[in-house]
Amino acid sequence: MPVPASQLGNPSITGPLGTLAFSQVRPLSASLALRAIRWHQSLERLGVVLPFALVHDAGLVFSTPREQLELGPRCDPKELAGRLRDPERTLEGYRAVLRELGESEAARSAAQLRMNDDLITVLLSRLFSTVAARTHAAPSYRASLPVDAALFEGIDPQLRGLFLSTRRDFEQRALEALDVSRLYVLTMSDALDIETLRLFGMLGSEASAGALAQVDLLAALSSPEANDIVSFSLEILPSVLETKTRPAAGTTAAHGYSGLGTRGSIDSMVLTELAWDDMELARRIADNEVLYFAREQSRDEQKRIHYLLIDASASMRGDRQTFARGMAIATGKRLLLEGEDVAFRFFDARLYELYRAKNGQLPTAHLLSFKGERGRNPARVFAELATDLDVTRHHDPRTPVVHLFTHAALYIPREMVQAVQSHAHISAVFMLPSGGQLDLDYLDLLDAHWVVDHATVASGAARASAAKAILGEKERAEEGGAGGRRPGAQRAAGEAEGGRGERRAP
């Protein structure tokens, strides 16, 4: 028996499992049903209390390919008459809602969207929060299901007994509320932005962050501005996803040879060095003049961390916000694919908390949903940044690289930029206002900067072309400074479609 006799008297188990008696979805693998336990628990933390069967069925419809599911009643409705009023009519309405949800574009694309549990939880909250609010009843039990696939293996013969083991007023009212809210639920399903769900599938959504990530996900799915950022990101990400980890010069025998250097092991010494007489060879060794073949090594051995600073002040609303955040997402993803460590920070009149990319996943929901409401104070922001970098260097030996995405009128005191420059490399992407020009006195302190005019930012095709060009220039600029040295003072100018770019040559 899936539910042992010792647990048949435990309503925290029999209560939620018994609702599967009116379930209309049977997964072919019992392990698939385990995800529903987390969805149900997470929804309760968000204040959306629903019958376990509704969460189970709708979640599987949106997350699992059809070939892994069997659709149809798992128990004869007539057998539920002791707890449900007019079960045949009630369950027919429930079945119709599930069928129409399964025909939505999001549900049909489930196999390609790769939605994690947090995203499914938020999606279910968007669809059924009104149903939960209209239920006006609480379950007669407190659900506490153990994560055990054996509970779902062959449970169908037990469902009737489990369903009849406790009062089902809550389930009755929830099904009635679903029938009343049918049009709203289907409208919300059709309103789901597939591109946003696809972007979360590509970039991740901080699956380990729990309730905080779910709040950001809710904000991202309901934000009209986020849709523009998503569309722009999907235009430029395909070229970024082709990025591979680039090798760099080093002394470790990891890959092939990449050039000559004055440090290395004896087996990498250039053979012509042995042509010197003994005294001269000894002098060259003492003075570190002996040449060695330099080995290639992975970029993550260079110990760098990239801070992506995104302007969230009022001057960045609209197209400039779309371009800045889309560029930050693409830059962060490219750096992750190259094996670098990445962290994001927003700023306006203050510098907000740090969000790190974890396990190869960007904090996508936070990047899409964040809103700054504190004016504009670049001097304070860069003073805070300089202080943070100074404190961090005492316990983090990695070289910081600051990527700035901002408006062209970001007037920062030169001494503040110098303070940041003393701790980190700095590059910037500036967005010009209509008819504006870039006139900042600290540009010579930046390792690289790019300028995108207003017409380009406002034009879809030109905007994507400019972003791809800047991403290519960023890659070449980082290759020039791959050894961790600050580039020299010589300047080299490059042209990008719709924008101007300048970077220092190594």
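Throughout what follows, the structure given in this document is the object of discussion. (Residues numbered from 1 in each chain as written. Predicted model: local features only at pLDDT ≥ 70, side-chain atom pairs only at ≥ 80, totals over all residues. Heavy atoms only, no water.)

### Concerning the packing of helix H3 (residues 52–63) against helix H7 (residues 117–135)
In contact at an axis separation of 10 Å, H3 and H7 are set at 115 degrees when each is read in the N-to-C sense. Handedness of the crossing formed by H3 with H7: right-handed. Taking contact as the criterion, the partners of Leu54, Val55, Ala58, Gly59, Phe62 and Ser63 in H3 are, on H7, Ile120, Leu123, Leu124, Leu127 and Phe128. The residue inventory of the contact of H3 with H7, partitioned by class, reads nine nonpolar, two polar and no charged. (Axes fitted to C-alpha atoms, helices over the stretch in contact; angles between N-to-C directions. Helix = DSSP H or I, 4+ residues; strand = E, 2+ residues; numbered from the N terminus. Left-handed = near helix turned anticlockwise from the far one by under 90°. Contact = heavy atoms within 4.5 Å. Nonpolar A, V, L, I, M, F, W, Y, C, P; charged D, E, K, R; others polar.)

### Quick word on a nonpolar patch on the surface
A contiguous nonpolar patch, built from Leu260, Leu291 and Phe293 and spanning about 250 Å² of accessible area, is present on the exposed surface. For Leu291, the position within the fold is in the loop between helix H14 (278–286) and strand E5 (292–298). The class for Leu291 is partly exposed, based on a relative accessible area of 31%. (Patch = residues over 30% accessible without salt bridge, like charges linked within 9 Å, V, L, I, M, F, W, Y side chains within 5 Å. Areas by Shrake-Rupley, 256 points an atom, 1.4 Å probe, with all protein chains shown as cover. Salt bridge = Lys/Arg side-chain N within 4 Å of Asp/Glu carboxyl O. Buried < 20%, exposed > 50% of the residue type's maximum accessible area, 1.4 Å probe, protein only.)

### Regarding the pattern of salt bridges
Inspection of the entire model under this criterion finds 26 salt bridges. Close ionic contact of Glu70 with Arg26 constitutes a salt bridge, the shortest N to O distance being 3.2 Å. Here the residue Glu70 occupies a position in strand E2 (residues 69–71), and Arg26 occupies one in strand E1 (residues 25–27), the gap between them amounting to 44 residues. When its relative accessible area of 39% is taken as the criterion, Glu70 is described as partly exposed.

### Some points on the nonpolar core
By size, the foremost hydrophobic cluster in this structure holds 109 residues, and its most contacted members are Leu17, Phe62, Phe128 and Phe323. Here this core takes nine residues from H7, the largest share from any one element. Excluding residues within four positions of it along the chain, Phe128 makes contact with Val48, Leu50, Leu54, Ala58, Leu101, Leu178 and Val185. Ranked by size, the runner-up nonpolar core spans 30 residues in total, among them Leu385, Ile412, Phe430 and Leu446. (Core = buried A, V, L, I, M, F, W, Y, C linked by side-chain atoms within 4.5 Å.)

### Observations regarding the pairing of strand E6 (residues 304–311)
Taking burial as the measure, the eight residues of E6 include eight buried ones, the bulk of the element. Side chains Arg304, His306, Leu308 and Ile310 of E6 all project onto a buried face; the interleaved residues Ile305, Tyr307, Leu309 and Asp311 project onto the opposite face, where all are buried too. Across seven bridges, E6 lies against strand E9 (residues 399–407) in parallel orientation. Bridge pairing in E9 links Leu309 to Leu404. Across seven bridges, E6 lies against strand E7 (residues 341–347) in parallel orientation. From the neighbouring strand, Leu309 faces E7, where its bridge partner is Arg345. Viewed along the sheet, the connection from E6 through helix H15 (residues 319–337) into E7 turns out right-handed. (Pairing = 2+ DSSP bridges. Right-handed = clockwise from strand over helix to strand, strands pointing away.)

### Some points on the side chain of Asp118
When you line up the elements, Asp118 lands in helix H7. Of note is the side chain of Asp118, whose polar atom sits 3.4 Å from the side chain of Arg38. (Polar contact = N/O pair within 3.5 Å; in protein donor to acceptor, adjacent residues only side chain to side chain.)

### A few points about helix H11 (residues 194–203)
Taking burial as the measure, the 10 residues of H11 include seven buried ones, the bulk of the element. Among all positions of H11, only Ile194, Thr196, Leu197, Leu199, Phe200, Gly201 and Leu203 are buried.

### Digging into helix H9 (residues 169–180)
Each full turn of the α-helix corresponds to 3.6 residues, which orients residues three or four apart in the same direction. Look at H9: 17 Å from first C-alpha to last across 12 residues, which is about the 16 Å you get at 1.5 Å a residue. For H9, the set of buried residues is Phe170, Glu171, Gln172, Ala174, Leu175, Ala177 and Leu178. Buried-residue contacts for H9 involve H3, helix H4 (87–102), H7 and helix H10 (182–191). (Expected span 1.5 Å × (residues − 1).)

### A look at unusual backbone geometry
Despite not being glycine, His136 has its phi angle at roughly 55 degrees, a positive value. With respect to the helices and strands, the residue His136 is situated in the loop between H7 and helix H8 (159–163). Residues other than glycine seldom take positive phi values, yet Asn288 does so here, at roughly 60 degrees. Here Asn288 shows up in the loop between H14 and E5.

### Description of the packing of aromatic side chains
Aromatic ring pairs are defined here through the distance separating the ring centres and the angle between the ring planes. This model, assessed by the stated rule, comprises six aromatic pairs. Ring geometry for Phe22 and Tyr94: centres 5.8 Å apart, planes at 80 degrees, overall edge-to-face. Taken as a pair, Phe22 in the loop between helix H1 (11–18) and E1 and Tyr94 in helix H4 lie far apart in primary sequence, 72 residues in all. In this pair, the class of Phe22 matches that of Tyr94, namely buried. With centroids separated by 4.8 Å and ring planes inclined at 70 degrees, the aromatic side chains of Tyr352 and Phe370 adopt a geometry described as edge-to-face. Here the residue Tyr352 occupies a position in the loop between E7 and strand E8 (355–356), and Phe370 occupies one in the loop between helix H16 (364–369) and helix H17 (378–392), the gap between them amounting to 18 residues. Each member of the pair, Tyr352 together with Phe370, is buried. (Phe/Tyr/Trp six-rings, centres within 6.5 Å; stacked < 30°, edge-to-face > 60°.)

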